[in-house]
Amino acid sequence: MKKIALHWKIIVGLLLGIIAGVILANISGGKAFTLHWIKPFGTIFVKLLKLIAIPLIMASLIKGISELKDISKFKSMGIKTMLIYICTTIIAITIGLVLVNVLKPGSGISKETIFSLKQNYVTNLNLQDKLTEATRRGNQGPLQFLIDVVPNNITLAMSDNKSMLQVIFFTVFLGISLLLIEEKKAKPLMSFFNSLNEVILKMIDIIMLFAPYAVFALLATVVVTSDDYYVLLALLKYAGVVILGLLLLIVFYILCISLYVKKSPIWFLKNISPAQLLAFSTSSSAATLPVTMERVEEHLEVHKEVSSFVLPVGATINMDGTSLYQAVASVFIMQVLWPEGLVFQNQLTIVLTALLASIGSAAVPGAGMVMLVIVLDSIGFPKEMLPVGLALIFAVDRPLDMFRTLVNVTGDATVSLIINKSEKLQ
């Protein structure tokens, strides 16, 4: 019997999870059953992926750097990576702004819906936490992100997936230092990381055996914990604009793959699909990173020296889907609550602030809303209306987070292929 491909197993798990979630959400005790007996399996799976993310970054990145032999090559690859990520983020924000200004999703929101959303979500503790975090980040200096890149304790940085850039900084520093000492002295440590890399890859293979069941648990949980359907319907036009923008962004990636990398879009989507589906299920680029790296290296045939640098950096600073969402969400909120703020100068500020806010943003669920607060604050959005503005979009934030994380991961894989081609490694 022919072995069923992993992405088909995950798709089946995803669909069954949605169906089970709908059924359980409409029967007595179904929600409690899901939270107590189904959700834990999805949580365990995500924790396993996060468990190996930092060791994988360190082992893979040091192995990749050690194979470069030439530091100038690493410098070239690093500059190209950063420039491409900045360009794709600007393109994503521009797509979002064009769509939201043309389609005007805020024009269909009634005063009754605004009042209902305000009553339901303004006092939400999760929303208040995001406001507090955004205020803390907004009070930091303009170069704080550079300070945050450098760890003062690598052990502490390794204990927190939100500190991924610090781990990358230390690992790159360690890898370059290994190249600068005698090969005889560097060999034992390089051998250790090479061996560790192989072990971590095998751990990914084992964890992925559980993926279809975990996706079932994750999607069932999302469905039963979703908000009232009438609220989702009221925000359908806004959500539709975001999803349309994300689809156009994927079309842009496919064009890059087809025109520059000279590869079939179907080949690309088929091989990266397991990582996309996991990104959709977990809403976390960091949790999906081990799978993304495995798919890009083993199935898209990107050299380890490229994937080991481009993908971890991308999981932290490349937030194309999230940046597009911020552009749409910020203008949508202004269309509803602050139409006089819809001037060209403010929209240009949105582009610049969303770009800067994406650098160093945590690759975890909900980080996009924290960034959104920073974007709105940069254009002078009235602070007293900020909780109401977030309440407008809070109900659909989680499902949209799933879609934009999928796009973030797709963008990372696309850039890794572009760098691989530009460095003439294929």
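Every value quoted in this text rests on a predicted model; they were computed, and no experiment measured them.

A word on the nonpolar core
Part 1 of the reasoning: If you look at the biggest cluster of nonpolar residues, it comprises 121 residues, and the most contacted ones within it are Tyr-238, Phe-332 and Ile-393.
Part 2 of the reasoning: Those residues within four positions of Tyr-238 in sequence are excluded, and the remaining contacts are Pro-105, Tyr-325, Val-328, Ala-329, Phe-332, Ile-393, Val-396 and Leu-400.
Part 3 of the reasoning: With five residues, the next largest nonpolar core counts Leu-24, Ala-217, Ala-220 and Val-224 among its residues.

A look at helix α1 (residues 6-25)
An α-helical segment advances 3.6 residues per turn. Residues three or four places apart therefore align on the same side.
Part 1 of the reasoning: The end-to-end C-alpha distance of α1, which contains 20 residues, comes to 28 Å, matching closely the 28 Å that a straight helix rising 1.5 Å per residue would cover.
Part 2 of the reasoning: For α1, the set of buried residues is His-7, Ile-10, Gly-13, Leu-14, Gly-17, Ala-20, Gly-21 and Leu-24. Viewed end-on, α1 has its buried residues packed into an arc of 150°, placing them on one side of the element.

Observations regarding the pattern of salt bridges
Part 1 of the reasoning: In total, this model carries six salt bridges according to the counting rule given.
Part 2 of the reasoning: Note that Glu-297 and Lys-304 form a salt bridge whose closest N and O atoms lie 2.8 Å from each other. For the pair Glu-297 and Lys-304, one class covers both residues: buried.
Part 3 of the reasoning: A single salt-bridge network, built from bridges that share partners, covers Asp-397, Asp-401 and Arg-404.

Overview of a nonpolar patch on the surface
Part 1 of the reasoning: A cluster of nonpolar residues, Val-12, Leu-16, Ile-19, Ile-23 and Ile-27, forms a patch on the protein surface that exposes about 450 Å² of accessible area.
Part 2 of the reasoning: In this fold, Leu-16 is placed in helix α1.

Structural notes on unusual backbone geometry
Part 1 of the reasoning: If you check the backbone angles, Ser-283 has positive phi at about 60° while not being a glycine.
Part 2 of the reasoning: A relative accessible area of 2% means that Ser-283 is categorised as buried.
Part 3 of the reasoning: The phi torsion at Glu-301 lies on the positive side, around 60°, for a residue other than glycine.
Part 4 of the reasoning: With respect to the helices, strands and loops of the structure, Glu-301 is situated in the loop between α14 (285-298) and α15 (304-317).
Part 5 of the reasoning: With a relative accessible area of 54%, Glu-301 lands in the exposed category.

Let's talk about the packing of aromatic side chains
Part 1 of the reasoning: Under the definition given, this model contains eight aromatic pairs.
Part 2 of the reasoning: Seen from their ring centres, Phe-192 and Phe-193 are 5.2 Å apart, and the 70° between their planes marks the pair as edge-to-face.
Part 3 of the reasoning: Classification of Phe-192 as partly exposed rests on a relative accessible area of 48%.
Part 4 of the reasoning: Of the residues examined, Phe-193 reaches a relative accessible area of 8% and is grouped as buried.
Part 5 of the reasoning: Pairing Tyr-238 with Phe-332 gives two aromatic rings, centres 4.5 Å apart and planes at 25°, and the pair type is stacked. Remark: Phe-332 occurs in helix α16 (residues 320-337) and Tyr-238 occurs in helix α12 (residues 236-261); sequence separation between them is 94 residues.
Part 6 of the reasoning: Residue classification places Phe-332 among the buried residues on the basis of a relative accessible area of 0%.
Part 7 of the reasoning: In this structure an aromatic cluster arises from ring pairing among Phe-45, Phe-210 and Tyr-213.

Rules used throughout
Residues numbered from 1 in each chain as written. Predicted model: local features only at pLDDT ≥ 70, side-chain atom pairs only at ≥ 80, totals over all residues. Heavy atoms only, no water. Core = buried A, V, L, I, M, F, W, Y, C linked by side-chain atoms within 4.5 Å. Buried < 20%, exposed > 50% of the residue type's maximum accessible area, 1.4 Å probe, protein only. Contact = heavy atoms within 4.5 Å. Helix = DSSP H or I, 4+ residues; strand = E, 2+ residues; numbered from the N terminus. Expected span 1.5 Å × (residues − 1). Arc of directions from axis to C-beta. Salt bridge = Lys/Arg side-chain N within 4 Å of Asp/Glu carboxyl O. Patch = residues over 30% accessible without salt bridge, like charges linked within 9 Å, V, L, I, M, F, W, Y side chains within 5 Å. Areas by Shrake-Rupley, 256 points an atom, 1.4 Å probe, with all protein chains shown as cover. Phe/Tyr/Trp six-rings, centres within 6.5 Å; stacked < 30°, edge-to-face > 60°.

Worth remembering: the numbers are spatial, not functional.
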